[in-house]
Structures are given as C-alpha cells and as structure tokens.
Amino acid sequence: MLEQKRILLLEDSDIFADMLLEFLTGLGYAVERAANGFEGLKAVYTFLPRLIITDVDMPLFKGYQVSRLLKSRKNTRDIPIIMFTTLAEKRNKFWGSQAGADWYIEKSPDNFVELQIRTAQLLVESAEPDFEAIAREGRRINHDAIIEMVNNLLDNKLFQTTVIGMLTELSTRIRSLDEIIRGFFDLLCYVCEAEIAMVMIKRADNSLHVYTANQSGYTPAIEEDFTAIAVADFNTRFPDFQVLAKHRVSIYPAGEKQKPLESYVMIPLAAGGEQFATVHIANSIKEYFSPSARDNLDVFLFAAAPVIANALSLLEMEALQQKTRAAFARYVPVEVMDEIIRKSSEAASQSETRNVVILFSDIRDFTKISESTSAQDIVSFLNAYFSLMGNEVIAEGGHIDKFMGDAIMAVFGAPKALAQAEAAAIRAAIRMTCALDRVNTSRIALPPGGFAAGIGINCGECVVGNIGFQDRMDYTVIGDAVNTASRLEGITRQYRHPVIVSEYLYSAARDHFIFRKADTVRVKGKDEPVGIYAVYAAYAGEAGEETGAPGGLAVPPSLTIRRELLDCYNKGLHLFALREWEAAQSYFAQALAVNQEDYLCALYLERSAEFLKNPPPDGWDSAITLREK
C-alpha cells in the first residue's frame, strides 16, 4: 500500500531535495516536491498528500507558516507534518513547535532512518484526511486566495497568543524575582536577538535591582560599556530616583566575543500606570530594531510587565514581614517567635483528605478568540473576566485555586469548611453564567456562536493542602474527583449546556435546583460510568424566571427550561432505560414539540430510533464512552 501514500516535500535546496526524493521514492512513496512555501500550499490542494515533510527556512512562506495555516483549516488539519529542519536554531524550533507540526527531526542525512520510521508511524496512526473535501476546496484556491489565507493568519497573532501562554507558565515562579527575571531573559531570546540585555528595577525602599544577561558572551569591557549606556538611560528616565542600595545579578557571565554592538533599545516597564523598571537590549545587527521587530517586542514586554511587578511586590512584602519580625523581637523572645513560626510552617506543609467540591470553568472557542485579537486586548479582557468571575465564586464562599490560560479552577469546602458546599458551588456556577452578559467583549473578536463559557462541577474525597517543596508551595486539591470535574467542563460543549454536574452533586443538591439528566458517560481516562446532569435556575415562562438566579440576577435563556418539556423528557428517559424505544420516542417527540431546538430531546429521539432498529446487547448499561477530554 506504500504506493498509495503520497508525500509532499517542501525543500528549497535542490541538492537536499534530490537526496530526499531518491530516498523516499526508494521506499515506495509517491513524492512531489515544492521549492517554496507558496508552491507547497498550492500543491496540497492538487497533489492531495497523505503526509508533508517541510523545512523551516524557505522563500515566500516559511515552513512554520505553512504548517500553522494547514493546521488551522478544517479540511487539511489531519494531514501529518514533519519538520525536517535545523533544530539547533532556537528560534526555528520555537516557531515550529508553536505551528502544530506533528514531529521535528534535525536536518541531516544521518537522520534519514529516523525520518523513515516517523513517516511510517504517522501514516499508520493519523486519521485519513477528507481528500474529497480538500479537492473541492482546491477548486477555489488560486494565487490571491492563498495570499488572503496567509494574511488572515499573521505571524504576530501566533506570536502574541503563544507568548501569553509562556508568560503564564513563567508566573508560577512568582515567589522568586531572580527566577522570574532568569525566565524573562530566556523568553526574550525567542522574541528578538537579545545578545546582551539588562533589566533595572526600582524598589520602594530606594534600592535598585540590576540583572544582566550576556547571552552571547561579550567581553567584560563591552559589557561595561553597555552597562554605562543602560545606567545613563535609566537615570534619564528616573531623574528623581535616589539609589540607596544596589542588588546586581549576572545571569550569564562575560566571555570573549569582541564584535561591536550595532543596535540598542531601551523600553520602560509599567504596572498600574506607573513605570517601575527599564529593559535594555543590544546586539551586533545593524538597524535591528525596526518597527516590525519593535511590535513583537512591545507586545511581549506589555504582557511581561505585570509578571515582574507581581514578583517584585511579593519580594517587598517579604521584606516588610522581616522588618515586622525584627520589631516584635524586641518584645517577644526570639526562641518563642521561632517556635511559633516553626509550628505554623509545619501546619502549612501538612495535607489532609477532605470531601470538597471542585468547579472548572472555561471560555468556549478561546483559541479562535485569541488568534484574532491583539495580545494587549486579550490580557485586558482576561483580567476583567477573571475579576468578574472570581467575585461570583467568592460571593458563594468558594476559593479560586488557580487560573489556567482562560480556565478557572475553584474549590468549595477548602481551605475553609463550608456548609452545603455542593449547593454553594452550583449557585456560583449560575451566578457566573448570568454574569457573562456583563463581560465587556468589545475589544475581542467573538466566534460565530458568540461569547460563552462552560462549567463542570464534581465533588468527592481529595487531598487538600500545601503541595510543593520548601521554596515553592501551592495550596491546592488533588484527586480523582478533580479530574472528573475537569472532564465535565469539557463535555459541556458536547451536550450544549453551560453547567453540567455529576450525579454526586445532583444527589446532594437535588432539592435546591432544577436538574435534567443528560446522560451516563465514561469520561476519558475512567472505566466507571457517572451520571451527568444539566442545571437550570428557573422554569421558562413562569413567574420568577427573571429573578431565579442567586442575588436576584436575571436568568439567561440557557439556564431556563419549560416545565412541560422537562416532564415529557423525564418520562421518555425512564422508558428509554427500560428499552421501550417506541414509547420513549413518543415522549421525546412531544418534548421536542415544546422547543424544537432542544438538543437533548433531539439526541434521545435519534438514539431511540436507532435502538428500535438495532437494539443494544443484553447487559447494556446505557453509558456512553467519551474519547475526548
């Protein structure tokens, strides 16, 4: 069957292309070569490859641009892509890894065997692309269409969404300013050619933190000249700042490179509208900091500034605590204070097993939103969104465990015990859903379905406490119940309802809310089925609908249901479980007549019709196994 496997090769080097063509055709593959990214995109729609092998650095469009474009389109996303390129070039590897390629291999004849193995593996494991759909789309693809497709996927959008994710990961080290700056310098080298860089940070006590990263190993003399320029610029920016103490750290030491520095830029960092630091960057490339280079750099620094500012605030808070301790030491013996601190630390490091409620929330289609919205607007939007959602959680006694990208994890019942935590979590979910109408979406690109979020809630026994190591602790919850809650949030998309809870939540809070059983599922990674329930705040068309949410909030249509629809649906579901398919169909049809857009009624009507023709085997437990998270 190898002759049926078509491989498209994107390689601008004639010598290397001939070597690869000979190697791949010798293995029995049908291979077509494109000498640049533009021709490669056209060939995808005419040659219809089963797999693509591409270099990164090519004329017209680079390999990561081609990969990103193909992986962003419905018809071509299933075509496996191998980047056969020079991984030693850090920026190429970075861009390639963010473009969705399926595998990366260092470009060398020595690695042809690995290329052969990965090619065969991807051809076997990858789903068959819909070549008919690709061919149909190809009939509309011409020169102008390809240009428009690429322009709609600008590199700076990819960069902006990617760098925000990387800064989010960096922020987990926020308790150490030194570690934050070290990670900042590493990311800076992905953003631009920062051969030597410096960050100068003002502190409230008039001390100055100076961090230098001599990435390219310039000589001490060149580093000192660079430092002098940076200090002069800092003093010009902050003429009234009186340095009382200086903390200096060299992340990368000086070396022997003597090439002159040709380009330099200084950019201030601001938080809360106030400038608190400067970033200085130089390299040996003439006129490097062009407007396009500055655009990406400005986006990165805009997003990095609050991370650095938060780390600085924690450092200053720790300094204040130390001063407070020293002051109290005048009145309390040191050994007594040490014992108090020791016992507090021991208590903080302990964990316990407790029944808690876990809530996961996630913005629908956030990837599409972020790809079409500037990084500055995404950051501002997320800050406002998290503030609004967090307030609703806290209002019901919940604890925000963490923010993950656009997702929120909240816990009810830890660290502080909470009576009726299950009901409190559901009230919080209803409040959050109601509050979506108050989210300002004017600065973001909305997906076709509009702005929405999904919430999944589960409860169970978890390990709660401070988890980590001596220098980095987080209060969090760990357990199978947490994983199930995360899965429930994911399947809100599949069942087209904003709030889905487990059968355990339903059992604990069934008398306080309106529930409808949606299904029995085996979530990904679990063998035991669990019943899942859709939550509603009010009956549609009845008195009190407008104030059915906690706090008198207006109830959105997604959280209301017609009483007669629910009654017919529940009767149909009971008959469905008894394998009375025809009678179940009748009730689901009646329910659907009340609301023709009700997804669950349509789903069970379709299932009943199918089982009437092809009944399930004996021992059928009605559970659906979900393959995706």
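For the structure given in this document, a descriptive report is provided here. (Residues numbered from 1 in each chain as written. Predicted model: local features only at pLDDT ≥ 70, side-chain atom pairs only at ≥ 80, totals over all residues. Heavy atoms only, no water.)

**Here we look at the packing of aromatic side chains**
Counting across every chain of the model gives 28 aromatic pairs. Pairing F184 with F185 gives two aromatic rings, centres 5.8 Å apart and planes at 55 degrees, and the pair type is tilted. Across the pair, F185 and F184 agree in class, each one buried. Judged by centre distance (5.7 Å) and plane angle (50 degrees), the ring pair of Y385 and F386 falls under tilted. Through pairs of rings, three or more aromatic residues link up here, namely Y569, F576, W581, F588, Y604, F611 and W620. Over the ring of F131 we find R6, and its NZ or CZ is 5.0 Å from the ring centre. One cation-aromatic arrangement involves R563 over Y539; the distance from NZ or CZ to the ring centre is 3.8 Å. (Phe/Tyr/Trp six-rings, centres within 6.5 Å; stacked < 30°, edge-to-face > 60°. Buried < 20%, exposed > 50% of the residue type's maximum accessible area, 1.4 Å probe, protein only. Lys NZ or Arg CZ within 6 Å of the ring centre and 35° of its normal.)

**A few points about the pairing of strand β1 (residues 6-10)**
Across the five residues of β1, four count as buried, placing the element largely inside the fold. Bridge count between β1 and strand β2 (residues 30-34): five bridges; the pairing is parallel. Of the residues in β2, the one forming a bridge with R6 is A30. Remark: the β1/helix α1 (residues 14-26)/β2 crossover connection has right-handed handedness. Bridge count between β1 and strand β3 (residues 51-54): four bridges; the pairing is parallel. Considered in β3, the bridge of L8 is made with I52. (Helix = DSSP H or I, 4+ residues; strand = E, 2+ residues; numbered from the N terminus. Pairing = 2+ DSSP bridges. Right-handed = clockwise from strand over helix to strand, strands pointing away.)

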